[in-house]
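Here is how the chains run, residue by residue.
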Amino acid sequence: MAEVRLENVRKEFGGVVAVDDLSLTIADREFLTLVGPSGCGKSTTLRMICGLERTSGGEVFFDDQPVAHLPANKRDVAMVFQSYALYPHIRRSRRTSGVALRMMRVPKAEIASRVDQVAASLGIENLLERKPKALSGGQRQRVALGRAVIRDAGAYLLDEPLSNLDAQLRVTMRAELKRLHADLRRTFIYVTHDQVEAMTMSDRIAVMKDGLVQQCASPEEIYARPANLFVASFMGSPPMNFLHGEVQREDGKLLFRHQGIAIELPDHASAAVDDLSGREAVLGIRPEDVLLGVENGTAAKIFVAELLGADVLVTVSLGEQLVKARVPAPYQVGVNAQVTVEFPAEKVHLFDPSDGRAVLAARSATPLNRQDSVVANQSPAAAKGDTG
């Protein structure tokens, strides 16, 4: 199996729509992450791909073969759960790792060889003789990964596998999973609510909310050119700053006004935001793009400064609005100190509050191309215009 495709997939639970008309293509050997808040439908989507949940509508394809009617054990996938799902009655991790192969009636000698090979790749050789209850959280997760990997499935489905681990171990396991994907050269479909996991590991990210895919694109595209307010607020740590105001034309200039503050927009942004002129709009800017202490900036006051190591996250009071700026350490300015703040025109995003859609992207400050940004129903090749 190389490609997983969902066409107009829908799932209802007692009249409640969990996934609504979802179309998505995961390419061969791609690492795609479904990310979103709790209850957005990401785990339900994964379970429909796996076969643990039946679809209420639509179709699931593995390499152009429909599989929505097939049970989980008839699909060429391996799944890793949040809870590890190890077998406490099995005495040793070696036997746990080989369960799938024994069910497939693989010869014992081959099972032993493959268990040793997978254990070496995951660095768990010394854990094979231990009982599951004698393993730490990270060790249990490695054993669970080993049990999935040993099947040599066409696709690996991972449902928040790192959420039970401590912060330091999550960082280590992220790197190990990314390396595992490169070594196995298989399709990975990963579910998480942690946008840092999604950004660091994925080839593409599908951001979900209320059962709908809001945007599906590369991590770089989603971060630099979010399709709407939800994606802009959800992806990024710390999140994007938002100012509610109005777009106005004055003396030939295009301005965004917020509580007496005027931010000039680039001239070539006129076509993108023309329909917002004289109307309410939402301006967004990433904390790392906010400038502090610049000449002729807007007066503000330090609310708090938080050391992050190499950077300092500075929160300033801009009238009644709190704005976060990420600046290099050291930054030793006390609480309530006066400071100036500036939002560079080429770094701002602009959103239409009526539907949340983005109408202006940062950096290039050009209109968003909706076909480039929202590609939930396309493979990466199709999204790039590559028709083969």
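Residues numbered from 1 in each chain as written. Predicted model: local features only at pLDDT ≥ 70, side-chain atom pairs only at ≥ 80, totals over all residues. Heavy atoms only, no water.

J.: Help me get a handle on the overall build of the protein, residues and values and all.
T.: Scanning the protein from N- to C-terminus turns up 12 helices and 21 strands. For the protein, the share of sequence-separated contacts (at least 6 apart) that also reach a separation of at least 24 residues comes to 65%. Accessible area for the protein stands at about 18000 Å²; split by element, carbon and sulfur atoms hold 48% of it. (Helix = DSSP H or I, 4+ residues; strand = E, 2+ residues; numbered from the N terminus. Contact = heavy atoms within 4.5 Å. Areas by Shrake-Rupley, 256 points an atom, 1.4 Å probe, with all protein chains shown as cover.)

J.: Run through the sheet that holds strand E9 (residues 204–209), naming residues and quoting values.
T.: Read across the sheet, six strands follow the order E6-E7-E8-E3-E9-E10 without closing on themselves; strand pairing throughout is mixed. Single-partner strands in this sheet number two, and they are strand E6 (77–80) and strand E10 (212–217). Between one strand axis and the next, the sheet turns by 15° as a mean value, whatever way the strands run. Summarising the sheet, strand E7 (residues 155–159) and strand E8 (residues 187–192) pair through five bridges and their orientation is parallel. (Pairing = 2+ DSSP bridges. Axes fitted to C-alpha atoms, helices over the stretch in contact; angles between N-to-C directions.)

J.: Go over empty space enclosed by the protein, please, and point to the residues and values.
T.: Inspection of every chain in the model, using the stated rule, returns one cavity of 30 Å³ or more. Within this model, the largest cavity holds a volume of roughly 40 Å³. Among the secondary structure elements, those contributing two or more residues to the lining of the largest cavity are helix H5 (137–149), E7 and helix H6 (167–184). With three residues, the single largest contributor to the lining of the largest cavity is H5. (1 Å grid on protein atoms, 1.4 Å probe; cavity = no way out; pocket = protein on both sides within 12 Å on 5 of 7 lines; lining within 4 Å. Points joined across faces, edges and corners; volume = space filled by probe spheres on them.)

J.: Could you give an account of the packing of aromatic side chains, with specific residues and numbers?
T.: By the definition in use, this model includes five aromatic pairs. Ring plane angle 40° and centroid distance 5.8 Å describe the contact between Phe31 and Tyr190, whose orientation is recorded as tilted. Of this pair, Phe31 sits in strand E3 (residues 31–35) while Tyr190 is found in strand E8, placing the two residues 159 residues apart along the sequence. This pair shows no difference in class: Phe31 is buried, exactly as Tyr190 is. Relative to Phe234, the ring of Phe230 has its centre 5.6 Å away and its plane inclined at 20°; by these criteria the two rings are stacked. In this pair, Phe230 and Phe234 both sit in helix H9 (residues 229–234), four residues apart, roughly one turn of the helix. No difference in accessibility class separates Phe230 from Phe234, as the two residues are buried. Linked through ring pairs, Phe31, Tyr156, Phe188 and Tyr190 together constitute an aromatic cluster. (Phe/Tyr/Trp six-rings, centres within 6.5 Å; stacked < 30°, edge-to-face > 60°. Buried < 20%, exposed > 50% of the residue type's maximum accessible area, 1.4 Å probe, protein only.)

J.: Can you break down the pairing of strand E11 (residues 241–250) residue by residue, with the values?
T.: Two strands pair when backbone bridges link them, and E11 and strand E14 (residues 280–285) are joined in this way by six bridges, in the antiparallel orientation. Residue pairing across strands places Leu243 opposite Leu283, the latter belonging to E14. Bridge count for E11 against strand E12 (residues 253–258) is five bridges, and the pairing is antiparallel. Bridge assignment links Arg249 to a residue of E12, and that residue is Leu254. From the end of E11 to the start of E12, which pair antiparallel, there are two residues, and Asp251 there has a positive phi angle of about 55°.

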